[in-house]
2 protein chains.
Amino acid sequence: MTRDLAVTGVRLTPVLVADPPLLNTQGLHQPYTPRLIVEVETAGGATGVGETYGDTRYLELARPMADELIGRQVSDVNALHALDVAVDASRVDGAVGGGGLRGAQTADKLRLSVVSAFEVACLDALGKALGLPVHALLGGKVRDAVEYSGYLFYKRARHPDGVPAEPERWGAALDPAGVVAQAKAFQERYGFTSFKLKGGVFPPDEEIAAVRALAEAFPGCPLRLDPNGAWSVETAVRVAEELGDVLEYLEDPALGTPAMAEVAARLKGAAGGDGRRNALPLATNMCVTSFAEIEEAFTRGAVQVVLADHHYWGGLRSTQHLAALCAAFGVGVSMHSNTHLGVSLAAMTHVAATVPNLRHACDTHYPWQAEDVLTERLAFDGGRIAVSDAPGLGVALDRAELARLHRRWAEDDGAFRDRDDAAAMRVAAPGWTAPAVPRW
Amino acid sequence: MTRDLAVTGVRLTPVLVADPPLLNTQGLHQPYTPRLIVEVETAGGATGVGETYGDTRYLELARPMADELIGRQVSDVNALHALDVAVDASRVDGAVGGGGLRGAQTADKLRLSVVSAFEVACLDALGKALGLPVHALLGGKVRDAVEYSGYLFYKRARHPDGVPAEPERWGAALDPAGVVAQAKAFQERYGFTSFKLKGGVFPPDEEIAAVRALAEAFPGCPLRLDPNGAWSVETAVRVAEELGDVLEYLEDPALGTPAMAEVAARLKGAAGGDGRRNALPLATNMCVTSFAEIEEAFTRGAVQVVLADHHYWGGLRSTQHLAALCAAFGVGVSMHSNTHLGVSLAAMTHVAATVPNLRHACDTHYPWQAEDVLTERLAFDGGRIAVSDAPGLGVALDRAELARLHRRWAEDDGAFRDRDDAAAMRVAAPGWTAPAVPRW
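Residues numbered from 1 in each chain as written. Chains lettered and ligands numbered in written order. Predicted model: local features only at pLDDT ≥ 70, side-chain atom pairs only at ≥ 80, totals over all residues. Heavy atoms only, no water.

Some details on the pairing of strand E7 (residues 150–153) of chain A
Residue and element names in this part refer to chain A. Here E7 shows a buried face lined by Gly 150 and Leu 152 and a second buried face lined by Tyr 151 and Phe 153. Note: E7 against strand E8 (residues 195–198), four bridges, orientation parallel. Residue Gly 150 lies in a different strand from E8, and its bridge partner there is Phe 195. (Buried < 20%, exposed > 50% of the residue type's maximum accessible area, 1.4 Å probe, protein only. Helix = DSSP H or I, 4+ residues; strand = E, 2+ residues; numbered from the N terminus. Pairing = 2+ DSSP bridges.)

Here you go:
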């Protein structure tokens, strides 16, 4: 059987996926965002699919990694972390990935972000070869459905004139009423019972008002606000104090572990040391985005919830390690999302199903992606996705759609092959530059 | 296929295994030590085997756990940690397991020690059902052989008169010459190239002399000394300073995290803060024996190497989590051993093969166990055990031998069903009681 599990072929398909004009502190989502679809095939004929970031620097690394994969067993996923593939340091030196929204870009994180797509593809193929779902290859699910949070964004009604854009379903959301309307539409369509607002876009008082409006419209619903590190310590503490009664957690209010630690310490101090009142937890997917960043953040008490992301943590097994590590330090676990398709959502759902200490709804951009490469979209029921027990990830590629989105990438003149939220914003507002942090 | 993976039967076989008269700070190994062999069988006819401690309190817990297992998939190992089986707190309250050699006994550790045997048995059965080795179910091996350390003991020539005993191959080792002779015999027979001496038996200067004699007889060989927490901080620091040039690490020189932290801090201070000279690392399998104990020990810098033990950490997957956690904190990983048979040695070898940051030879008592329940003993070649690529653990039970060792357990009048090193010592030296710690 094991010879059947050897990888005989790897296909890399970069795609451009339509993305709505969502706002964040670094700018605006471009009309198209790059993703990479990785497919592996085994000697026994099993195929597997994975997905990761599609920016050029990821593609450059994926090609030699794909060559290294040939002949290896799809069960040998631990070894993927040690693949002998050099990372071009100039691709990360000083560069801040994804408009600064994915934390510090390092050579190691770049490598792991590519490894993760191969790991998922291998596990999908292995599962199909064995007749087992991916969660079973990860030790088995401990829940039958995974809860997701409605991911709300300030957004423009449409992309700036002069750039192509896909049909837009959601309309503008630029004030508290718009945010509440978006949440209601999300709840109606997907059944979400918790919400996260991407903040850092408007002055803090406007975002406080938006969260208050959400709290009023959805009493008792867990709420989160994530300004992507846009605030000073002072501002972060003020927002936390004003919203402490309605927030489940505050995500990356300030940039970097020292600032987060200061915010956390001040909130803890204000809550009193008597244990009768808990301070508002701080969550992060920016100051803790790799194992190397954990020690400082945990020993300084900078974060109380880590938002795992199997893409940049190096895959599904690494995500499980991270969750165990958080459990040992009494730190909560939730799940981060960057713009992604159904392949990654399926992978997220499988690993989330196996993590005992996942006690917060996961983030996902999926509702914002009208396009997908699957024959059947994953469906939310009551804000949850049922964990598939079908072999592998339980998804199938829509080859025609994959080819169409790849053609868009192939025909792109370079405008959208690398995500650049500031560039998109400049089209809307000429001369705009990403603001210095802290912005407020 | 998945229905085939459902557990249809579980067999629990307690055994008594011959054990030589090995000395430690708490007393003497009894002539027989209890172990539990767990077998599972699936609807598809696959069988799997696991092994753990066999003392009464483990057996009491294994029985209800076995009942809970029926109908579950052998792939559902994550769920084993949440089996609804109550632990009798009176079994652990104040009790110190294994003569105090396994760290603090808690209800959780007792539960996990039993879970681990079921996890290993399930993975063995799953691997056999799928045609995959256990390491492949853990993400795949990253090395083809696992290095073990020669585990040296002060020992008596034979068990005290009046108790039954199996034939004894090794003779006494009660001074430096005896320890060196034992090491040479071990090296000749098994090819070990690193050695650990179980200390805490004689006054520190005698044990220092034994380690010096080993260093002279085996120049350049990594050496370890483990007094099981028998020393004061002062003594620990003195021994570390006297043996710093020949030890790979010093294991549990003092008892508990605060004492270990003090020893580590003093060694670090003495090594100077300029980074030119590293302090002797401290290893432990006593102050860090569960995820709950990690935070304090790591943040205080109390240990530099954790000796993982899949039995009390809750299985092979938990051992991988522990290793990832250690990597994140720059703490080394090695592997602890308690008296065990070939089933556990196979399990240790599979998981050790998957841990990238395992950079120390693992401990094993296996050479001391002349009896085993396998049709073929695992073999050391150059101190290493080749990682099996056969389905499951790659071992087969010798039913006749299992039955014989179980008969010994069944016919035992209670003298040896619970390990008691102090009781054994009292037979040799009437009136003896386990010494207070620190002993020196």
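Picking up after the structure, the text goes on.
Observations regarding the relation of the copies chain A and chain B
If you rotate chain A by 180° and push it 0.0 Å along the axis, it lands on chain B with an RMSD of 0.0 Å. Here the symmetry operator amounts to a two-fold rotation axis. Relative to the rotation axis, the closest C-alpha in chain A is found at His321(A), a distance of 2.4 Å. Looking at the interface residues of chain A, 100% of them are also at the interface in chain B, so both copies use one shared face. (Least-squares fit on C-alpha atoms with pLDDT ≥ 70 in both. Contact = heavy atoms within 4.5 Å.)

A short note on the confidence of the model for chain A
For chain A, the mean per-residue pLDDT works out to 94, and 95% of the residues sit at or above 70. Scored by ipTM, the complex comes to 0.95, with pTM at 0.96. (pLDDT = per-residue confidence, 0-100.)

A word on the environment of Leu16(B)
With respect to the helices and strands, the residue Leu16(B) is situated in strand E1 (residues 7–18). Apart from residues no more than four positions distant in its own chain, Leu16(B) is found in contact with Tyr32(B), Thr33(B), Pro34(B), Glu371(B), Leu405(B), Arg408(B), Trp409(B), Asp412(B) and Phe416(B).

Description of helix H2 (residues 107–130) of chain B
Residues and elements named next belong to chain B. Across its 24 residues, H2 extends 34 Å between first and last C-alpha, which sits within 8% of the 34 Å expected from 1.5 Å per residue. Of all the 24 residues making up H2, 20 are buried; the element is thus mostly covered by neighbouring parts of the structure. Just downstream of H2 lies Gly 131, where phi reads positive at about 75°. (Expected span 1.5 Å × (residues − 1).)

Comments concerning the domain arrangement of chain A
Residues and elements named next belong to chain A. Domain assignment breaks chain A into domain 1 (3–134 + 398–409) and domain 2 (140–386). Computed from C-alpha atoms alone, the centre-to-centre distance between domain 1 and domain 2 is 23 Å. With 48 residues of domain 1 at the interface, the matching set in domain 2 holds 52 residues. Among the residues domain 1 hides against domain 2, the three largest losses belong to Pro 21, Leu 23 and Glu 51. Together they make up 16% of the total. On the surface where domain 1 and domain 2 come into contact, there are two salt bridges. Residue Arg 404 pairs with Glu 371 through a salt bridge whose shortest N-O separation is 3.1 Å. For the interface between domain 1 and domain 2, the tally reads 20 residue pairs in polar contact (both at pLDDT 80 or more). (Domains from an automatic or database assignment. Buried area = accessible area lost by both parts, 1.4 Å probe. Salt bridge = Lys/Arg side-chain N within 4 Å of Asp/Glu carboxyl O. Polar contact = N/O pair within 3.5 Å; in protein donor to acceptor, adjacent residues only side chain to side chain.)

Concerning the sheet that holds E1(B)
Residue and element names in this part refer to chain B. Reading across the sheet, the three strands line up as E1-E4-E5 and stay open at both edges, with antiparallel pairing between neighbours. Edge positions in the open sheet fall to E1 and strand E5 (47–53), since each of these has one partner strand only. Here the strands of the sheet are splayed against their neighbours by 20° on average, with no regard to which way each runs. Examined bridge by bridge, strand E4 (residues 32–42) and E5 share seven bridges and lie antiparallel to one another. In the sheet register, Ile 37 faces E5, and the bridge partner there is Glu 51. Against the sheet, helix H1 (residues 56–69) makes contact with E1, E4 and E5, and its axis sits at roughly 160° relative to E1, the strand it touches most. (Axes fitted to C-alpha atoms, helices over the stretch in contact; angles between N-to-C directions.)

A look at empty space enclosed by the protein
Residue and element names in this part refer to chain A. What the rule picks out here adds up to five cavities of 30 Å³ or more. The computed volume of the largest cavity comes to approximately 150 Å³. Take the lining of the largest cavity: its biggest share by element is three residues, from helix H3 (residues 107–130). Tallied by class, the residues present in the lining of the largest cavity amount to 13 nonpolar, four polar and two charged. (1 Å grid on protein atoms, 1.4 Å probe; cavity = no way out; pocket = protein on both sides within 12 Å on 5 of 7 lines; lining within 4 Å. Points joined across faces, edges and corners; volume = space filled by probe spheres on them. Nonpolar A, V, L, I, M, F, W, Y, C, P; charged D, E, K, R; others polar.)

Looking at the nonpolar core
The nonpolar side chains of soluble globular proteins are, as a tendency, buried together. Grouped together as the largest cluster of nonpolar side chains are 292 residues, with contacts concentrated most on Phe298(A) and Phe298(B). With residues near it in sequence (within four places) discarded, Phe298(B) still touches Val303(B), Val306(B), Leu325(B), Cys326(B), Phe329(B) and Val331(B). (Core = buried A, V, L, I, M, F, W, Y, C linked by side-chain atoms within 4.5 Å.)

Points about the interface of chain A and chain B
In this complex, chain A contributes 31 residues to the contact, which on the side of chain B involves 31 residues. Both sides together, the interface formed by chain A and chain B hides about 2,500 Å², and carbon and sulfur atoms give 62% of it. Here chain A and chain B share zero salt bridges between them. The tally of links from chain A across to chain B stands at 13 residue pairs in polar contact (both at pLDDT 80 or more). Every element with two or more residues in the side of chain A that touches chain B is listed here: H3, helix H4 (134–137), helix H9 (294–299) and helix H11 (316–328) of chain A. The leading source of residues in the side of chain A that touches chain B is H11(A), at six residues. Broken down by class, the residue content of the side of chain A that touches chain B amounts to 17 nonpolar, ten polar and four charged.

Digging into the state of the cysteines
Across all of its chains, the model carries zero disulfides over all chains by this definition. Here Cys287(A) stays free of any disulfide, with the sulfur of Cys326(A) as its closest cysteine sulfur at 12 Å. (Disulfide = S-S within 2.5 Å.)

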